Amino acid sequence: MRLSEGVEWTVHCCVLLATLPDGTCLPAPRLAEFHGVAGPYLAKHLQALTRAGVLVSVPGPRGGYRLARRPADISVLDVVEAIDGSEPAFTCTEIRRRGPSGGLPAREYPRPCGVHVVMNRADAAWRRELAAVSIADLVDEQRAAVRLFEDARAIAIGARERTAHVAEERRANSGTK
């Protein structure tokens, strides 16, 4: 399964929009600039999210895009399907009916194609997973990651300060001996 880069871009945009105060909008060019992506291409995807009811487009000089629903009510699957569609990833063409046994009537194949069954199960599984994760969940994960980074940075800075302090004490002590 390969998702378009538009999916990545728009999920990130939804996460960013979810962090804004209520009623605040961001225009497409600012969203594109923030993420370092092509503005016109992103704008097309934001329009698709608007058509799908994920975003609201607000006209005017202070307009732009905002989430149409609470972040907890927008799943990652909502965004994926708005951008890449809801068609299954796999389409069975029943090639098992071709080749040496070709031309047999459909009644000779009473069971569904095993490949088709497996692919449908896999498609359903990844859709369930994406449906189970909301934009709010991603905001929480991102906040946790930022806190983790800030904590790691604070620890690293503290360690450098302690190392510098110990080195300074050693220099001071070695100079007095």
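This write-up is about the structure you can find in this document. (Residues numbered from 1 in each chain as written. Predicted model: local features only at pLDDT ≥ 70, side-chain atom pairs only at ≥ 80, totals over all residues. Heavy atoms only, no water.)

**With respect to the side chain of Thr10**
Inference 1: Among the secondary structure elements, Thr10 is positioned in helix α1 (residues 5-18).
Inference 2: On the basis of relative accessibility, which here comes to 0%, the residue Thr10 falls in the buried class.
Inference 3: When residues no more than four places from it in sequence are discounted, the contact partners of Thr10 are Leu42, His45, Leu49, Val79 and Ile83. (Helix = DSSP H or I, 4+ residues; strand = E, 2+ residues; numbered from the N terminus. Buried < 20%, exposed > 50% of the residue type's maximum accessible area, 1.4 Å probe, protein only. Contact = heavy atoms within 4.5 Å.)

**Digging into helix α3 (residues 39-51)**
Inference 1: With 13 residues, α3 ought to run about 18 Å at 1.5 Å a step, and its terminal C-alpha atoms sit 18 Å apart, in line with that.
Inference 2: The set of residues buried in α3 consists of Leu42, Ala43, His45, Leu46, Ala48 and Leu49. (Expected span 1.5 Å × (residues − 1).)

**Brief notes about the environment of Ala124**
Inference 1: Residue position: Ala124 is located in helix α5 (residues 114-131).
Inference 2: By relative accessible area, which is 31% here, Ala124 ends up partly exposed.
Inference 3: Sequence spacing of Ala124 and Pro88 is 36 residues, and the spatial spacing of their C-alpha atoms is 8.7 Å.

**Quick word on the pattern of salt bridges**
Inference 1: Applying the stated criterion across every chain yields a total of five salt bridges.
Inference 2: Between Asp78 and Arg69 there is a salt bridge, with the nearest N and O atoms lying 3.0 Å from each other.
Inference 3: Put simply, Glu81, Asp123 and Arg127 are held in one network by salt bridges that share partners. (Salt bridge = Lys/Arg side-chain N within 4 Å of Asp/Glu carboxyl O.)

**Focus: the packing of α3 against helix α4 (residues 76-84)**
Inference 1: At a minimum axis distance of 9 Å, the contact between α3 and α4 shows a crossing angle of 115 degrees. With respect to the hand of their crossing, α3 and α4 are arranged in right-handed fashion. On the side of α3, the interface is formed by His45, Ala48 and Leu49, while α4 contributes Val79, Ala82 and Ile83.
Inference 2: In terms of residue class, the contact of α3 with α4 is built from five nonpolar, one polar and no charged. (Axes fitted to C-alpha atoms, helices over the stretch in contact; angles between N-to-C directions. Left-handed = near helix turned anticlockwise from the far one by under 90°. Nonpolar A, V, L, I, M, F, W, Y, C, P; charged D, E, K, R; others polar.)

**Concerning unusual backbone geometry**
Inference 1: Positive phi, close to 55 degrees, is recorded for Glu94, a residue that is not glycine.
Inference 2: Relative to the elements of secondary structure, Glu94 occurs in the loop between α4 and α5.

**Thoughts on the packing of aromatic side chains**
Inference 1: The full count for this structure, using the stated rule, is one aromatic pair.
Inference 2: Aromatic side chains Trp9 and Tyr41 sit 5.1 Å apart centroid to centroid with 90 degrees between the ring planes, which places their arrangement in the edge-to-face category. Residue Trp9 is located in helix α1, and its partner Tyr41 is located in helix α3; the two are separated by 32 residues in the primary sequence.
Inference 3: The class of Trp9 is buried, set by a relative accessible area of 14%.
Inference 4: You can call Tyr41 partly exposed: its relative accessible area is 31%. (Phe/Tyr/Trp six-rings, centres within 6.5 Å; stacked < 30°, edge-to-face > 60°.)

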